[in-house]
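Architecture at a glance
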Amino acid sequence: MFMLQAASRPPSSRDSPRLRPEKTRSELELSQERGLPPPEYTPSLHRSLRSDREQHKHTDENAESEKKSAAKKTAILFTPRTSILDYTELMYHGSDTIRGLVTCFWTIVGAYLVSILASHYENNGEILSSDLAVVLFSRGKDLLLSDLALVASTFFVVPFVRLLWVGRWQPAFLDPRNSSCAVVLHAAVEISWLVFWYGWQGTRGWPWTQRCFFSLHTAVNWMKVHSYLSTNHHLACVLRDKEDLIQHRSPCEEVDEEARELDAQLCPYSNARFPQTLTVRNYFMFQLCPTLVYDLEYPRTPRIRWLYVAEKMAGTAGIFAVFYVVVAHLMIPHLERMPQTGVLMTTIHLMGPMATCWLLFFFITFDSISNGFAELTRFADRRFYDDWWNARGLDEFSRKWNRPVHLFLARHIYMPIRDNWRVYKSPTTSSPAGSGGERERSNHKPKHTVSGLVRHLRISIPAPMAAMAATFFFSSILHEVTVVVACHRWNHGMLFFSQMMQIPLIFVSEKMLWYKNQHALRNWIFWLVMVFFQPFLLCLYTYKAFATQEVSGLTNTTVASSIAT
């Protein structure tokens, strides 16, 4: 939440689907950015501006090459790809090498499920516990209507962009290139929307399962809103730059390379051009697509395979049934006895069931639901995860386990901070002859001032490290806020600190060369820590509630919050 303003800043060229060309800031450009009327345009002025650019060309050569090389890394492009473990897709393409493995796996899961149900029937006289189902489906109509209202409320972004950033009627301070006003307006709108819906779910009196689902869906929709506004804000700035460039061009002058590059950003694909994409239909398709990063257009499949959709729907129902049995029969009884058995013994009992639920949550979210929506929207880029099972640390796991969130953080948090972290020395800061160096000295603030300290940190701390720390901080805050809002309980920020502690561990592991190269050992250690600490955090967050029985329905629903986050 505290990183929202930084993440909501006007998207730079590195924060866009297509790269904005680097250029020297001229008098005309500075006046446009500040919202001032442009100087009187003449062909001689245009020639002088071009000559100024040529004079600075050799001075800025090294800085420009460094910026452009970094900018090439910021483009997040969508290409047709399939999920690694989507065996249905593999069989459609004639590859059935893992079909037997999948069949064997689900046969074993089914046998284990029958064993659990038989044991429960012997002990309780019933095949399936219905306590969890009562809580899951209570207040279902209220939750459905609230969720529909939540999604519908996000459509305000379409008229917001069209009226405030693309329309020509607004005053100068609403110009999208006015950075300060854009940041304040952008942040105020998003924060107000997020606070309203988080507060709304707190007033409904829902059980914890409904709170958990609604809080997670609110966070997902906020990320979609932020990506849509940030990307279109950048494109609105590009559109204004192009219009001003054409308006101030003499009639006999041809459109130069700069105008063509600007036009390429507004129309990166053959069938999509900004601002014609600012429609309700375009945003509706973005809402349905299983991605959190907005683009004018996505790669599409030729048709919808309805048999594939039906198979994914059946898989979702089957995995949910297994998930229900594991939570209701293997996790909740141990959590109810936790005040008597203690946190450590409960953690040991939950290590297996918690890991099983975590795997089931992965399959139902990224294999069944995401691929199902991708097929319905003909969304061709289905790389929703990478080989996270080979992860050697939390940083690598975070990149591979949930790629939609990873791409959002990379586009709107990590890359902007990394690429704008360094303070590039402008040619205007050099001391002119005979000035005695007053101008250069005036640009260097003492370290004991706030601005001087910030400048010193930006020079001394590597940009990737600063961007990684900021991304971890934002992700930790978002996880902690989601859990607190869903559970209505703050447990001293243990989830936040457990995630932030990964930063020094990553730094230490990178410095220890003998450990850095031990890939198998690091993978073993990572999974041992994950299998133990996930149920341990769950026990810490729920111990007080189970001991005092403060919350009705907690024994049936707390598990979902921890697994989902």
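Below: a short report on this structure. Remember, predicted model here, so these are calculated numbers, not experimental data.

**Focus on a nonpolar patch on the surface**
A surface patch of nonpolar side chains, amounting to about 790 Å² of accessible area, comprises M465, F507, V508, M512, W514, L521, I525, V529 and F533. Listed by contribution, the elements that provide at least two residues to the nonpolar patch are α23 (502–511) and α25 (519–548). With four residues, α25 is the single largest residue contributor to the nonpolar patch.

**Digging into unusual backbone geometry**
In most cases, non-glycine residues show a negative phi, while peptide bonds are predominantly trans. Residue P275 is reached from F274 by a cis peptide bond, and omega for that bond is 10 degrees. By the secondary structure assignment, P275 is in the loop between α12 (257–266) and α13 (280–288). Even without glycine at this site, R139 takes up a positive phi of about 55 degrees. We note that R378 has phi near 60 degrees; this positive angle belongs to a residue other than glycine. Residue placement: R378 occurs in the loop between α16 (343–376) and α17 (394–401).

**Structural notes on empty space enclosed by the protein**
Per the counting criterion, the structure on display carries five cavities of 30 Å³ or more. If you add up the space inside the largest cavity, you get close to 90 Å³. As for the largest cavity, its lining consists of F78, R81, P290, T291, F379, D381, R383, F384, R403, P404 and L407. Among the residues forming the lining of the largest cavity, the class breakdown is six nonpolar, one polar and four charged.

**What to know about the packing of helix α6 (residues 99–124) against helix α14 (residues 306–336)**
Between α6 and α14, whose axes approach to 11 Å, the crossing angle comes to 40 degrees. On the basis of their axis angle, the class for α6 and α14 is oblique. Crossing geometry of α6 relative to α14 is assigned as left-handed. Side by side, α6 and α14 meet where W106, V109, Y112, L113, I116, L117 and H120 of the first sit next to I319, V322, V325, H329 and L330 of the second. The class makeup of the residues in the contact of α6 with α14 is ten nonpolar, two polar and no charged.

**Some words on the nonpolar core**
Ranked by internal contacts, the top residues of the largest apolar core, which has 71 residues, are V161, Y228, F274, F397 and F408. Within the second largest apolar cluster, 25 residues are counted, among which are L113, I116, Y324 and M331.

**Describing the pattern of salt bridges**
Note that side chains of opposite charge can pair when their charged atoms are close. Applying the stated criterion across every chain yields a total of 13 salt bridges. As a salt-bridge pair, D86 and K312 come within 2.9 Å of each other at their nearest N and O atoms. Taken together, the residues D86 in the loop between α4 (61–71) and α5 (87–92) and K312 in helix α14 connect sequence positions 226 residues apart. One exposure class covers both D86 and K312, and it is buried. A salt bridge links D419 to R418, with the shortest nitrogen-to-oxygen separation between them at 2.9 Å. Using a relative accessible area of 5% as the deciding quantity, one classes D419 as buried. What makes R418 buried here is its relative accessible area of 17%.

Calculation notes
- Residue numbers here run from 1 along each chain, matching the order of that chain's written sequence.
- Under the rules for a predicted model, residues below a pLDDT of 70 receive no local features and side-chain atom pairs below 80 are neither given nor counted, while totals for whole chains, interfaces and linings still include all residues.
- Computation of side-chain values covers all heavy atoms of the structure but excludes hydrogens and water.
- A patch consists of residues whose relative accessible area exceeds 30% and which take part in no salt bridge; residues with like charges are grouped when within 9 Å of each other, and nonpolar side chains (Val, Leu, Ile, Met, Phe, Trp, Tyr) when within 5 Å.
- With residues, only the protein chains shown are counted as cover, and all accessible areas are computed by Shrake-Rupley using a 1.4 Å probe.
- Within this document, salt bridges are pairs made up of a side-chain nitrogen of Lys or Arg and a carboxyl oxygen of Asp or Glu, the two lying within 4 Å of each other.
- Secondary structure elements are taken from DSSP: a helix is a run of H or I of four residues or more, a strand is a run of E of two residues or more, and numbering for both begins at the N terminus.
- Residues are called lining when one of their atoms sits within 4 Å of a cavity or pocket point, these points coming from a 1 Å grid over the protein atoms alone, where a cavity is a set in which a 1.4 Å probe fits but cannot get out and a pocket is an open set with protein on both sides within 12 Å along at least five of seven lines.
- Grid points are joined across faces, edges and corners, and a volume is the space filled by probe spheres set on the points.
- Each residue gets one label: Ala, Val, Leu, Ile, Met, Phe, Trp, Tyr, Cys and Pro are nonpolar, Asp, Glu, Lys and Arg are charged, and the others, such as Gly, are polar.
- Lines fitted to C-alpha atoms define the axes here, with helix axes fitted over just the stretch in contact, and angles between the N-to-C directions of these axes take values from 0 to 180 degrees.
- Each angle is binned into one of four classes, with values under 35 degrees roughly parallel, values over 145 roughly antiparallel, values of 65 to 115 roughly perpendicular, and all other values oblique.
- Definitions for this section: a left-handed crossing has its near helix turned counterclockwise from the far helix by less than a right angle. A right-handed crossing has that turn clockwise.
- Note on contacts: a residue pair qualifies if any of its non-hydrogen atoms lie within 4.5 Å across the two residues.
- Side-chain atoms within 4.5 Å are what join buried Ala, Val, Leu, Ile, Met, Phe, Trp, Tyr and Cys residues into a set we call a nonpolar core.
- Only protein chains enter the accessibility calculation, which uses a 1.4 Å probe. A residue is then buried if its area is under 20% of the maximum for its type, exposed if over 50%, and partly exposed in between.

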